[in-house]
Amino acid sequence: MGVGAGLGGDEPRVAHGGDGLADRTRRIDLTDRCRSLVPFLGAEWRATHSTVAELDSEVPYAMTAVVEEVRRALERRSMRQRILHHLTEPPR
């Protein structure tokens, strides 16, 4: 059995919506085993969200704002492009 065996159904369905996330979203049918994990995953997501909010209150800038600024910068010029710009041939 592969990784995650028994967690999802056999046929994933692509979700199409107008939210800009449709191309990265796959709807699947959850098995009973996977459904039993949903409360844990929800609790972990809420704890992560609270942790980010806590960190935001401790530093002079919002972590979420920094992530958004980095995302926009990488849209203008990818990380790969930036690395290639600084990449030089090793000395021989």
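All figures in this text were calculated on a predicted structure; none of them were measured in a lab.

What counts and what doesn't
- Residues numbered from 1 in each chain as written.
- Predicted model: local features only at pLDDT ≥ 70, side-chain atom pairs only at ≥ 80, totals over all residues.
- Heavy atoms only, no water.
- Helix = DSSP H or I, 4+ residues; strand = E, 2+ residues; numbered from the N terminus.
- Buried < 20%, exposed > 50% of the residue type's maximum accessible area, 1.4 Å probe, protein only.
- Contact = heavy atoms within 4.5 Å.
- Salt bridge = Lys/Arg side-chain N within 4 Å of Asp/Glu carboxyl O.
- Patch = residues over 30% accessible without salt bridge, like charges linked within 9 Å, V, L, I, M, F, W, Y side chains within 5 Å.
- Areas by Shrake-Rupley, 256 points an atom, 1.4 Å probe, with all protein chains shown as cover.
- pLDDT = per-residue confidence, 0-100.

### Description of the overall build of the protein chain
Stage number 1. Counting its regular elements, the protein chain contains four helices and two strands.
Stage number 2. Each helix and strand of the protein chain, placed in order from N terminus to C terminus, yields the pattern β-β-α-α-α-α.
Stage number 3. Within the span of the protein chain, comprising 92 residues, buried residues form 4% of the whole.
Stage number 4. For the protein chain, contacts bridging at least 24 residues in sequence account for 21% of all contacts bridging at least 6.

### A word on the pattern of salt bridges
Stage number 1. Summed over the entire model, instances satisfying the criterion amount to four salt bridges.
Stage number 2. Where D32 meets R35, a salt bridge forms, and the shortest distance between an N and an O atom there is 2.6 Å. Of this pair, D32 and R35 are both found in helix α1 (residues 32–35), three residues apart, which corresponds to roughly one turn of the helix.
Stage number 3. We classify D32 as exposed; its relative accessible area is 60%.
Stage number 4. In this structure, E75 engages R71 in a salt bridge whose closest nitrogen and oxygen atoms are separated by 2.5 Å. In this pair, E75 and R71 both sit in helix α3 (residues 63–76), four residues apart, roughly one turn of the helix.

### Topic: a nonpolar patch on the surface
Stage number 1. On the surface, a cluster of nonpolar side chains totalling about 610 Å² of accessible area is made up of V59, Y61, V66, V70, L74, M79 and I83.
Stage number 2. Contributions of two or more residues to the nonpolar patch are made by α3 and α4 (79–86).
Stage number 3. Structurally, Y61 is set in the loop between α2 (38–58) and α3.

### What about the confidence of the model for the protein chain?
Stage number 1. Across the protein chain, the average pLDDT comes to 80, with 74% of residues at or above 70.
Stage number 2. In this model, residues 1–5 is a region of pLDDT below 50 whose contacts with residues beyond four sequence positions or in other chains number one contact.
Stage number 3. Every residue in residues 8–16 is under pLDDT 50, and counting partners more than four places away or in other chains gives 16 contacts.

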